[in-house]
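Coordinate inspection notes
The primary structure of each chain is shown beneath.
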Amino acid sequence: MKDYCGKTVSANYMRKMLISKEGVGGKLTFDETGVNFHAHKMNRRILDIRIEYVDMKAAEPRGLLNGLNIITKDDTVHMFVISHRKDIIEYLQSKMN
């Protein structure tokens, strides 16, 4: 398993709108207790998002290629598009246990 602690990867956060979804570009950073999504300066329409590993219920693939859902214990679904989805899901699942 690849260790992503201290690593940053490019990501898009899929924000739900009234009728559709909007992709917000940024970076996903992994640390010892959780992950942060930080939007690019030109996409500052959303606040930074912090998800603690202890608050995660599931990390699962979404769609055919690079979609990732992180589901928290309060049933909030955070949708991302990332590279190396399989490795990141494996890492997140190891941190949830």
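Criteria and thresholds
Numbering of residues starts from 1 in every chain and runs along the sequence as written. Reporting of local features is limited, given that this is a predicted model, to residues whose pLDDT is at least 70; pairs of side-chain atoms are given and counted only at 80 or more, and all residues count toward the totals for whole chains, interfaces and linings. For the side-chain quantities, the full set of heavy atoms in the structure was used; hydrogens and water were omitted. Think of a salt bridge as a Lys or Arg side-chain nitrogen and an Asp or Glu carboxyl oxygen that are within 4 Å of each other. Under the scheme used here, helices are H or I runs from DSSP no shorter than 4 residues and strands are E runs no shorter than 2 residues, and both carry numbers assigned from the N terminus. Relative accessibility decides the category of a residue: with a 1.4 Å probe and only protein chains considered, values under 20% of the type maximum give buried, values over 50% give exposed, and everything between is partly exposed. For this count, His and the chain ends are skipped, Lys and Arg are scored as positive, and Asp and Glu as negative. Contacts between residues were defined by any pair of non-hydrogen atoms, one from each residue, lying within 4.5 Å.

Now for the pattern of salt bridges. One pass over the full model with this rule turns up three salt bridges. Residues glutamate 52 and arginine 50 are paired through a salt bridge, measuring 2.9 Å at the closest nitrogen-oxygen approach. Among the salt bridges present, the one from lysine 57 reaches aspartate 75, with a minimum N-O distance of 2.2 Å. With lysine 57 in strand S5 (residues 56-62) and aspartate 75 in the loop between strand S6 (67-72) and strand S7 (77-82), this residue pair connects regions lying 18 residues apart in the sequence. On the accessibility criterion, aspartate 75 (51% relative accessible area) is exposed. Linked through salt bridges whose partners overlap, the residues forming this network are Asp31, Arg50 and Glu52.

Our next topic: the side chain of arginine 85. Summarising the element assignment, arginine 85 is placed in helix H1 (residues 85-96). This buried residue, arginine 85, is left without a salt bridge; glutamate 60 holds the nearest opposite charge, at 10 Å. Setting aside residues no more than four positions away along its own chain, arginine 85 makes contact with Pro61, Arg62, Gly63, Leu64, Leu65, Asn66 and Gly67.

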